[in-house]
Amino acid sequence: MSVSTHVIDEPGPITARLIDISKRFGDVIANDRVCLDVRRGEIVGLLGENGAGKSTLVKVLYGLTLPDEGRIEIDRAPSTIRKPSDAIAAGIGMVTQHFSLVSTMTVVENIILGTSRIIIDRDSARKKIVLLCESLGFGVDPDELVSALSVGQRQRVEILKALYRDCRVLVLDEPTAVLAPQEAETLFKAVRLLANSGIAVILITHKLHEVRKMCQRVTILRRGSCVGTYEVAQHSDDELVELMVGRAVEHANHETVKPGNLVRMSVRNLVVESRGGRILDNVSLEIREREIIGVAGVSGNGQSALVSVLCGLTRPTKGKIEVNGHDLTHGKPMDYLNAGVGRIAEDRHASVIAEMSVAHNIVLERIDGFRKAGAIDEKAISTLVQKLIQQFAIRAAPNDPVSSLSGGNMQKVLLAKVLSREPKVLVIAQPTRGLDVLATREIRNMLAFQRVNGAGILLVSEDLDELLELSDRILVMYEGRIVAEFTNSQFDRNEIGLAMTGSGSR
Ligand SMILES: Nc1ncnc2c1ncn2[C@@H]1O[C@H](COP(=O)(O)OP(=O)(O)OP(=O)(O)O)[C@@H](O)[C@H]1O
Ligand SMILES: [Mg+2]
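Rules used throughout
- Residues numbered from 1 in each chain as written.
- Chains lettered and ligands numbered in written order.
- Predicted model: local features only at pLDDT ≥ 70, side-chain atom pairs only at ≥ 80, totals over all residues.
- Heavy atoms only, no water.
- pLDDT = per-residue confidence, 0-100.
- Helix = DSSP H or I, 4+ residues; strand = E, 2+ residues; numbered from the N terminus.
- Contact = heavy atoms within 4.5 Å.
- 1 Å grid on protein atoms, 1.4 Å probe; cavity = no way out; pocket = protein on both sides within 12 Å on 5 of 7 lines; lining within 4 Å.
- Points joined across faces, edges and corners; volume = space filled by probe spheres on them.
- Nonpolar A, V, L, I, M, F, W, Y, C, P; charged D, E, K, R; others polar.
- Near = heavy atom within 4 Å.
- Polar contact = N/O pair within 3.5 Å; in protein donor to acceptor, adjacent residues only side chain to side chain.
- Areas by Shrake-Rupley, 256 points an atom, 1.4 Å probe, with all protein chains shown as cover.
- Pairing = 2+ DSSP bridges.
- Salt bridge = Lys/Arg side-chain N within 4 Å of Asp/Glu carboxyl O.
- Buried < 20%, exposed > 50% of the residue type's maximum accessible area, 1.4 Å probe, protein only.
- Expected span 1.5 Å × (residues − 1).
- Right-handed = clockwise from strand over helix to strand, strands pointing away.
- Disulfide = S-S within 2.5 Å.
- Axes fitted to C-alpha atoms, helices over the stretch in contact; angles between N-to-C directions.
- Phe/Tyr/Trp six-rings, centres within 6.5 Å; stacked < 30°, edge-to-face > 60°.
- Lys NZ or Arg CZ within 6 Å of the ring centre and 35° of its normal.

Quick look at the confidence of the model for the protein
The share of residues in the protein with pLDDT of 70 or more is 96%, and the mean pLDDT across the chain is 90. Across the protein, the element-wise mean pLDDT spans from 86 in strand β17 (residues 371-372) up to 98 in strand β3 (residues 43-47). Contacts of residues 1-9 to residues separated by more than four positions or lying in other chains number 17 contacts, the stretch itself having pLDDT below 50.

This is the structure we're talking about:
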């Protein structure tokens, strides 16, 4: 299933234009005289590192943020947008990363909620929604409760909501960050259809292959400023990255080493039950030295339970876990740490103490090692942390509170904390979620380096590209079970994607 690469030859007239938008948050200049335009039937990409100001810019267009300066034109006429209802009236729709649906209401109810007509003819509303669904190939039941929908389906409801209000400009802020590959295909097919019908689309993403597939033009922001607007076809990925980052970035070139024979972690017939149901159902796997086992799956199929049980945070109901030959089935988190298991959890905000410094977060779990005559040896901590900051290219000072760091730098602090203990086994979930191209490359390089150094790694990720790039083997989880296994000589994106949806098991 591939999306048509039809491109409108003659871009239409400009539908929406943001002109010289500036927005400051305290000392941070989120947007500094930024310009962006999007034309009828066009999908324009909006690229930039974390914190470059992409979301701020589109929030200005949607009336969620008031700019300090700048103006907006819709169809070449000045437009005053001070709140979302102004934006909707001007024909602008937006799907943010955090959906705003009411889960106790049905799809139809959500879509017509807040539309201004006082008496809504429900039947004709429903009809319009069904037609929209059909024309876009959205398999969404209009009478289903939103609480029963998957993330991908909820996103489709958000899009339907914007279309129901007759938007002519549709903003998508990192729409695929939460989607499985097949769902992303469905989304992009629909977005392409919308553009062909004349809608102007602004697509924010960190994934260059998406920009290449969907966009003809891309506007790039760097640290709040507009670098420029470019024809995608005329620039390589490296050039686009360089434009975003401001300098050339080295390529990922992971050393190829073969996994060894030593089994770092062995998991046999693992079962985790909760409230009578099986969250993990008879899971067995082995991680050897110098091996990265990727775990693919649509979120909610047992991956989180697997990570937490393999770090001692959840007790298995049945089965056996061994680390370097030691039985840790009933071990506590500390036992896992002491056995050399490092863990990077999915929720990086829950893994740090935000108001504490970078330095203290890094040494938190081993502060006893830094006591000298009863007092904490801040100098020793500082020396170690300085070294790690350099080694991991963390853009922060040891005494900065972690709360002031960007997502990518926060993730690097966590990696520094865990990797500096030289773990033999790493259990990692979603290490690069939401991170920009550079931070993603750096973090993947670090994992590849750990592998060469002899660690065995379990990498849980919803990003199939990440798994394909790093893994020696990929296991696919579905409904708590491992339903398929692929070794890197037989990696097939399509087959793995199919297994993730529960079909095509091998
Ligand atoms: N409400 C706010 N209060 C304070 N600072 C903010 C606020 N919103 C954004 N910022 C800051 O403005 C800058 C731009 O943020 P923005 O969210 O627009 O970046 P982005 O390009 O969307 O990044 P990402 O790729 O991480 O989503 C950042 O430094 C951010 O911390
Ligand atoms: Mg953003």
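Focus on empty space enclosed by the protein
Summed over all chains, the structure comprises 1 cavity of 30 Å³ or more. Each pocket or cavity is described by its volume, and for the largest cavity that value is around 30 Å³. Val 95, Thr 96, Gln 97, Phe 99, Gln 155, Asp 173, Glu 174, Pro 175 and Val 178 are the residues that line the largest cavity. Residues that form the lining of the largest cavity fall into these classes: 4 nonpolar, 3 polar and 2 charged.

Some thoughts on the site of ligand 1
Lining the immediate surroundings of ligand 1 are 13 residues, of which Asn 50, Gly 51, Lys 54, Ser 55 and Thr 56 lie closest. Contacts to ligand 1 include Gly 51, whose backbone N or O atom sits 2.8 Å from an oxygen atom. One of the backbone nitrogen or oxygen atoms of Gly 53 is found 2.9 Å away from an oxygen atom of ligand 1. For ligand 1, the accessible surface in isolation is 640 Å², of which the surrounding protein chains cover 60%. Counting residues per element, the ones that place at least two in the shell around ligand 1 are β2 (28-39) and α1 (54-61). Here the element with the most residues in the shell around ligand 1 is α1; it accounts for 3 residues. Here the residues of the shell around ligand 1 sort into 4 nonpolar, 6 polar and 3 charged.

Some remarks on the sheet that holds strand β12 (residues 277-288)
Strand order in the open sheet formed by 4 strands is β12-β11-β14-β15, with antiparallel pairing between adjacent strands. The strands lining the two open edges of the sheet, one partner per strand, are β12 and β15 (326-327). Two elements, strand β14 (residues 318-323) and β15, share 2 bridges in a ladder whose sense is antiparallel. Within the sheet, the bridge partner assigned to Glu 322 lies in β15 and is Asp 327.

Structural notes on the pattern of salt bridges
For the structure on display, the rule yields 33 salt bridges. When the shortest N-O distance is used, the salt bridge between Asp 368 and Arg 371 registers 3.1 Å. Residue class for Asp 368 comes out exposed when judged on its relative accessible area of 58%. Judged by relative accessible area, Arg 371 falls into the partly exposed class, the value being 42%.

Regarding helix α6 (residues 181-196)
Compared with an ideal rise of 1.5 Å per residue, which puts 16 residues at 22 Å, α6 spans 23 Å between its outermost C-alpha atoms and is within 8% of the ideal. Among the residues making up α6, those that are buried are Pro 181, Glu 183, Ala 184, Glu 185, Thr 186, Leu 187, Phe 188, Ala 190, Val 191, Arg 192, Leu 194 and Ala 195. Looking one or two residues beyond α6, the residue adopting positive phi is Gly 198, at roughly 110 degrees.

A word on the pairing of strand β8 (residues 200-204)
Among the 5 residues in β8, 5 count as buried, and that is most of the element. Relative to β8, β3 runs parallel, the two being bridged by 4 bridges. Across the sheet, the residue bridging to Ile 43 is Val 201, located in β8. The pairing of strand β7 (residues 169-173) with β8 spans 5 bridges and is parallel. If you follow Leu 172 over to β8, its bridge partner there is Leu 203. Where the polypeptide runs from β7 across α6 and back to β8, its parallel neighbour, the crossover connection is right-handed.

Quick word on unusual backbone geometry
Look at Asp 20: it is not a glycine, yet its phi comes out positive at around 50 degrees. If you trace the backbone, Asp 20 turns up in strand β1 (residues 14-25). Of the residues examined, Asp 20 reaches a relative accessible area of 36% and is grouped as partly exposed.

With respect to the state of the cysteines
Defined simply, a disulfide is a covalent bond joining two cysteines at their sulfur atoms. Taken as a whole, this structure holds 0 disulfides when the rule is applied. Its sulfur unpaired, Cys 167 is 15 Å from the next cysteine sulfur, which belongs to Cys 133. Free of any disulfide, Cys 215 has its nearest neighbouring cysteine sulfur in Cys 226, separated by 15 Å.

Brief notes about the sheet that holds β2
The strand order β2-β1-β4-β5 describes an open sheet built from 4 strands, whose pairing is antiparallel. At either margin of the open sheet sits one strand with a lone partner, and together these are β2 and β5 (77-79). Going across the sheet, the axis of each strand differs from the next one's by a mean of 25 degrees, ignoring polarity. In this sheet, β5 lies alongside strand β4 (residues 69-74) in antiparallel orientation, the contact comprising 3 bridges. Bridge pairing in β5 links Ile 72 to Ser 79.

Re the packing of aromatic side chains
Under the counting rule described, the total for this entry stands at 0 aromatic pairs. Sitting over the ring of Tyr 164, Lys 128 keeps its end group 4.7 Å from the ring centre. In this arrangement the basic side chain of Arg 156 is found over the ring face of Phe 138, its NZ or CZ atom lying 5.9 Å from the centre.

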